Amino acid sequence: MSTESVVTKTLVGSRPVARVVVATTAMLSFISFWRAAAIVLNDMGSSAFYAGAIAEQAFGKTAPWFILAIMLFAYAVRALYMESCSMFVRGGVYRVVKEAMGSRLAKVSVSALMFDYILTGPISGVSAGQYLTGFLNDLFRYAHSTVVLPENLTAALFAIAVTIYFWWENVKGIPESSGKALRIMYVTTVMVVLMLAWCGYTIWMRGVHLPPWPEPSNMHFSDAALGWLRHTSWPYTIGLVGIFIGLGHSVLAMSGEETLAQVYRELEHPKIPNLKKVGFIIFAYSLVFTAGVSFFAVMIIPDATRSQYFGNLISGLAMNFVGPYTLRLVFQAFVVLVGVLMLAGAVNTAIVGSNGVLNRVSEDGILPQWFRQPHRRFGTSYRIINLVVGLQIATIILSRGNIFLLGEAYAFGVMWSFAMNSAAVLALRYKQPGPREFRVPLNLKVGEVEIPVGLVCITIVLLGLCTINLFTKQIATISGIIFTAAFFTTFTIAEKITKRRGTAGAGLDQFNVASRTELSTATLGIRSNSVLVPVSNYHALYHLGAVLDRVKTERRDIVVLHVQVLQRSASGAMEFETDQLFGGIEQYLFTKALAMAEQRGKPIRLAVVAANDLWDGILRAAVNLQSSTIVLGRSTKMGLAEQARQFGLAWEALPDPRPPFNLEIFTPVGEHEFFLLGPHAPNLTRNEVNLVHQLWLRLGDLVMPQELHHHDVVHFALNEVKQELIQGKEHDVAQRLKEHLAQNKQSATERKPEVS
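This one's a predicted model, so the numbers in the text were calculated from it and none came from an experiment.

Chemist: What should I look at first to understand the overall build of the chain in this one?
Modeler: A count of helical and extended segments in the chain gives 28 helices and 11 strands. Here the chain has a C-alpha radius of gyration of 30 Å; the compact-globule value for 756 residues is 27 Å, and the two agree. The dimensions of the chain, computed from C-alpha atoms along their principal axes, are 95 × 70 × 60 Å. When burial is assessed residue by residue, the chain has 53% of its 756 residues classed as buried. Carbon and sulfur atoms provide 62% of the accessible area of the chain, an area that totals close to 34500 Å². If you average the places of the 64 positive and of the 53 negative side-chain charges in the chain, the two averages end up 5 Å apart.

Chemist: Got a minute to help me understand unusual backbone geometry in this structure?
Modeler: Backbone geometry follows two general trends: most residues other than glycine have a negative phi, and most peptide bonds adopt the trans configuration. Going from histidine 269 to proline 270, the amide bond is cis rather than trans, its omega being -5 degrees. When you line up the elements, proline 270 lands in the loop between α11 (259-264) and α12 (271-300). Following aspartate 656, the chain continues to proline 657 via a peptide bond in cis, the omega torsion being -5 degrees. Following the sequence through the fold, proline 657 ends up in the loop between α25 (640-652) and β10 (661-666).

Chemist: Just checking my understanding: could you explain a nonpolar patch on the surface for this structure?
Modeler: A surface patch of nonpolar side chains, about 350 Å² in accessible area, is lined by Leu444, Val446, Val449 and Ile451. Locating valine 449 in the fold gives a position in strand β4 (residues 449-452).

Chemist: Got a minute to help me understand the packing of aromatic side chains in this structure?
Modeler: A ring pair, where both rings are aromatic, is described by two values, the distance of the centres and the angle of the planes. Within this structure, the stated rule accounts for 27 aromatic pairs. On the basis of an interplanar angle of 65 degrees and a centroid distance of 4.9 Å, the ring pair of tryptophan 65 and tryptophan 213 is categorised as edge-to-face. Within this pair, whereas tryptophan 65 is found in helix α3 (residues 63-86), its partner tryptophan 213 is found in the loop between α7 (178-206) and α8 (223-226), the two being separated by 148 residues in sequence. Residue tryptophan 213 is classed as exposed on the basis of its relative accessible area of 52%. Between lysine 271 and the ring centre of tyrosine 264, over which it is positioned, the NZ or CZ distance is 5.0 Å. The side chain of arginine 658 reaches across the aromatic face of tryptophan 651, ending 4.7 Å from its centre.

Chemist: Would you mind going over the pattern of salt bridges with me for this structure?
Modeler: Think of it this way: side chains of opposite charge can pair up when their charged atoms draw near. Inspection of the entire model under this criterion finds 18 salt bridges. One salt bridge connects glutamate 450 with arginine 439, and the closest N-O pair in it is separated by 2.5 Å. Of the two residues, glutamate 450 is situated in strand β4 and arginine 439 in the loop between α17 (403-431) and β3 (443-446); the sequence distance between them amounts to 11 residues. Classification of arginine 439 as partly exposed rests on a relative accessible area of 26%. The residue arginine 658 makes a salt bridge to aspartate 656 at a minimum N-O spacing of 3.1 Å. With relative accessibility at 27%, the residue arginine 658 sits in the partly exposed group. Members of the salt-bridge network, linked through shared partners, are Glu83, Arg429, Arg436, Arg439 and Glu450.

Chemist: What's the story with the pairing of strand β9 (residues 629-633) in this structure? I'm lost.
Modeler: Residues in a regular strand project their side chains so that they alternate between the two faces of the sheet. For β9, the buried fraction is high: five of the five residues fall into the buried class. Neither face of β9 is open: one carries Thr629, Val631 and Gly633, the other Ile630 and Leu632, and all of them are buried. Note: β9 against β10, five bridges, orientation parallel. In the sheet register, leucine 632 faces β10, and the bridge partner there is isoleucine 665. Once the chain exits β9 it traverses α25 before rejoining the sheet at β10, and the crossover so formed is right-handed.

Chemist: What is the right way to look at the environment of alanine 333 in this model?
Modeler: By the secondary structure assignment, alanine 333 is in helix α15 (residues 325-363). C-alpha separation for the pair alanine 333 and leucine 132, spaced 201 residues apart in sequence, amounts to 8.6 Å.

Chemist: Any chance you could explain the nonpolar core here in plain terms?
Modeler: Here is a general trend for soluble globular proteins: nonpolar side chains tend to be buried in one another's company. Of all hydrophobic cores here, the largest spans 149 residues; its most connected members are Met195, Leu252, Met254, Phe289, Phe331 and Leu462. No other element matches α15, which puts 14 residues into this core. Beyond its immediate chain neighbours, meaning those up to four positions away, leucine 462 contacts Phe73, Val77, Leu80, Met254, Met415, Phe418, Ala419 and Ser422. One finds Val20, Val533, Leu541 and Val631 within the second-largest nonpolar core, a separate group that totals 33 residues.

Chemist: Just to check I follow, could you spell out the pairing of strand β2 (residues 18-23) for this structure?
Modeler: For β2, a buried count of five out of six residues is recorded, marking the element as mostly surrounded by other parts of the structure. In this structure, β2 lies alongside strand β5 (residues 511-516), joined through six bridges in parallel fashion. Within the sheet, the bridge partner assigned to alanine 18 lies in β5 and is phenylalanine 511.

Chemist: Would you mind showing me how to read the packing of α3 against α17 here?
Modeler: A packed helix pair is summarised by two numbers, namely the angle formed by the two axes and the spacing between the axes. In the contact formed by α3 and α17, the axes pass within 10 Å of each other and the chain directions differ by 50 degrees. It follows that α3 is oblique to α17 by the angle criterion. Where α3 crosses over α17, the handedness of that crossing is left-handed. Every residue of α17 that contacts α3 at Val77, Leu80, Tyr81, Glu83 and Ser84 is listed here: Ser417, Phe418, Asn421, Ser422, Val425 and Arg429. Counted by class, the contact of α3 with α17 contains five nonpolar, four polar and two charged residues.

Chemist: Help me out: how do you make sense of the side chain of serine 381 in this one?
Modeler: Mapped onto the elements, serine 381 comes out in the loop between α15 and α16 (382-399). A relative accessible area of 10% places serine 381 in the buried class. Filtering out sequence-adjacent residues up to four positions away, serine 381 remains in contact with Asn355, Asn359, Phe371, Arg372 and Gln373.

Chemist: I keep staring at the side chain of serine 530 and nothing clicks. Help me out?
Modeler: Mapping serine 530 onto the fold places it in the loop between α20 (521-524) and β6 (531-534). A distance of 2.9 Å separates polar atoms of two side chains, one belonging to serine 530 and the other to serine 627.

Chemist: What is the right way to look at the confidence of the model for the chain in this model?
Modeler: Regions with low pLDDT should not have their predicted coordinates read in detail. Confidence along the chain averages 84 in pLDDT terms, with 91% of residues attaining 70 or more. For the stretch residues 1-14, pLDDT sits under 50, and the model shows 37 contacts to residues farther than four places along the chain or on other chains.

Chemist: Looking at this model, I keep getting lost on helix α10 (residues 239-248). Mind explaining?
Modeler: In an α-helix, one full turn covers 3.6 residues, which means residues spaced three or four apart are oriented alike. Most of α10 sits inside the fold, with seven of its 10 residues counted as buried. Turning to α10, its buried residues number three or more, namely Val241, Gly242, Phe244, Ile245, Gly246, Leu247 and Gly248. Check the buried side of α10 and you find it contacts α2 (51-59), α3, α8, α9 (234-237), α17 and α18 (453-472).

Rules used in this analysis
- Residues numbered from 1 in each chain as written.
- Predicted model: local features only at pLDDT ≥ 70, side-chain atom pairs only at ≥ 80, totals over all residues.
- Heavy atoms only, no water.
- Helix = DSSP H or I, 4+ residues; strand = E, 2+ residues; numbered from the N terminus.
- Rg over C-alpha atoms; globule rule 2.2 N^0.38 Å.
- Buried < 20%, exposed > 50% of the residue type's maximum accessible area, 1.4 Å probe, protein only.
- Areas by Shrake-Rupley, 256 points an atom, 1.4 Å probe, with all protein chains shown as cover.
- Lys, Arg positive; Asp, Glu negative; His and termini not counted.
- Charge placed at Lys NZ, Arg CZ, Asp CG, Glu CD.
- Patch = residues over 30% accessible without salt bridge, like charges linked within 9 Å, V, L, I, M, F, W, Y side chains within 5 Å.
- Salt bridge = Lys/Arg side-chain N within 4 Å of Asp/Glu carboxyl O.
- Phe/Tyr/Trp six-rings, centres within 6.5 Å; stacked < 30°, edge-to-face > 60°.
- Lys NZ or Arg CZ within 6 Å of the ring centre and 35° of its normal.
- Pairing = 2+ DSSP bridges.
- Right-handed = clockwise from strand over helix to strand, strands pointing away.
- Core = buried A, V, L, I, M, F, W, Y, C linked by side-chain atoms within 4.5 Å.
- Contact = heavy atoms within 4.5 Å.
- Axes fitted to C-alpha atoms, helices over the stretch in contact; angles between N-to-C directions.
- Parallel < 35°, antiparallel > 145°, perpendicular 65-115°, else oblique.
- Left-handed = near helix turned anticlockwise from the far one by under 90°.
- Nonpolar A, V, L, I, M, F, W, Y, C, P; charged D, E, K, R; others polar.
- Polar contact = N/O pair within 3.5 Å; in protein donor to acceptor, adjacent residues only side chain to side chain.
- pLDDT = per-residue confidence, 0-100.

Dropping the structure here:
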């Protein structure tokens, strides 16, 4: 039986109180552990392009050993995130920390996390720009050209261009794709295998030595790497201090680890076993790739020239392999292609992540609903996206494309987000001591008291790295504290203003918000065969108006559905609090929908669900509500045919049995197209019927004395096409089909009467 609760929005309004059913269990489409691993590796793998160079620039040739140590420690941090995933705490990152350590620390953790996201985009974009600039300069040199592009400036301009591109993509609302992440990892894996093989061949031909062991005599910290400790002898005389400084400058190697918790929600059953597989895959892959790049760079690139490749370390490897220069240049081009794909993807992930976090904070009542106001055309939370991208572009400009400066600042957000999560999980061990599907290993029991030795050790190490970074990363400390304090202050003031104002708004209706675990005909109080009308943007409700004008509600119910699309990085939770799914924006949306219904004197039912894919969420809601018709508005992001195709693909992905649906798509001017989802008899025109009849007459004489029916002709023709496809003649069939479609389009155009 579902958990039920009713919340009444006490708002000013003259209409009767309407009921909104909010399904608190997210309707999710699930992905395999391979796709989940690809998503995480797209984030973690991007750090392989710059982490080793930043570490070596800080303290010399011993850097690979510290990168290796961080990659091994990342496995422990991964166990921490696995335990946090196995716990059930409603409401996402903010509420997890709030539950464990209180409201103030929750806002601090979100502020530090935002600093992480704001810097992820710039460092990834600048790194991609460094690789592209280095390749172009090598290409100019190969062509005997005197053109030399300034590395930092060109990289900064490229980063700004990439950020603006993804700003526009996110304003339009282009969804993330696990399939795209998997394809990028296919290409990356080819590059990694070729790189490792070529590295091995180069070492075999030249014979090289391992990087120097990280002893005090071999470690040479730069003044910038020591920060406020540069006037002391501690880094060289106290071994633990020197080790922690080295690790602190290498932590970028495991940035992206938190993505593991973000994909857990979408991971297919059985979740924890699959999460363990994901954890092992990313551990093995990142260990070989990230640590391997750092080791091979020191072993293969000469000391005299290695510093010039600090901005594009893998390109430096490619140009110092054994082999013809032209071949090395071609491989460098491949490296740059892979780097730009991964690093540009990280720019997009940073925008998506920031948008998700701030949306969740806004839904929790920390930020005013003003931030979530939808774009008039695209329906996205464009104000949050504008804020995030503005901060990212300002960061790029202030850094002037200096990858080391960005890396130093980026480490602040990475470390504190890890440390806060670790402390929260540790606190929840005692505040919520119940069973978990997975626990960080090394747990001792003394009587009735459990001592989580493993979890305590991880937390101490993370807090130790955070502490040492405070003293050694001056720019990161100053900028990080200012940024975190600014966001914390903003959150605190905004929360007080929001609570003082409440959710009141002029002209808004009252709603009884009924919380239900699942959405069904019983919980919504409707009959089967209903019309489902998904709405998301109160600026575009024309399709609802068309339904209200046409449908007779005494025969069929009209359900107005809002699907709140969950950003991948917004929350790992699968269930939510009611006020997270129904806030001021949803309230205004349903107020307008009710006004349209009242103008026509027709009742409507209101519902809210959460899903990680819009099309899938709509279809699953339609299945649960036993709807027969789904009515959509025209997409602003794609053509009508593509919109119908995407919806059809989502229908195909539904679990069996898949019920058929009528799909109608309306345009703002009142035109609409009708589609049938699922197997159905084709809507044949007179021309097709005549063609079948002519073939039946012709073939009937040829097969006598056998009896031939019209459906036999159709079945035979379809089987012939199927056999051609099986025999590998897809290109020929597709070409003939394209010609047929073009002829039909031309004939239809010629038949149109001329307008005088």
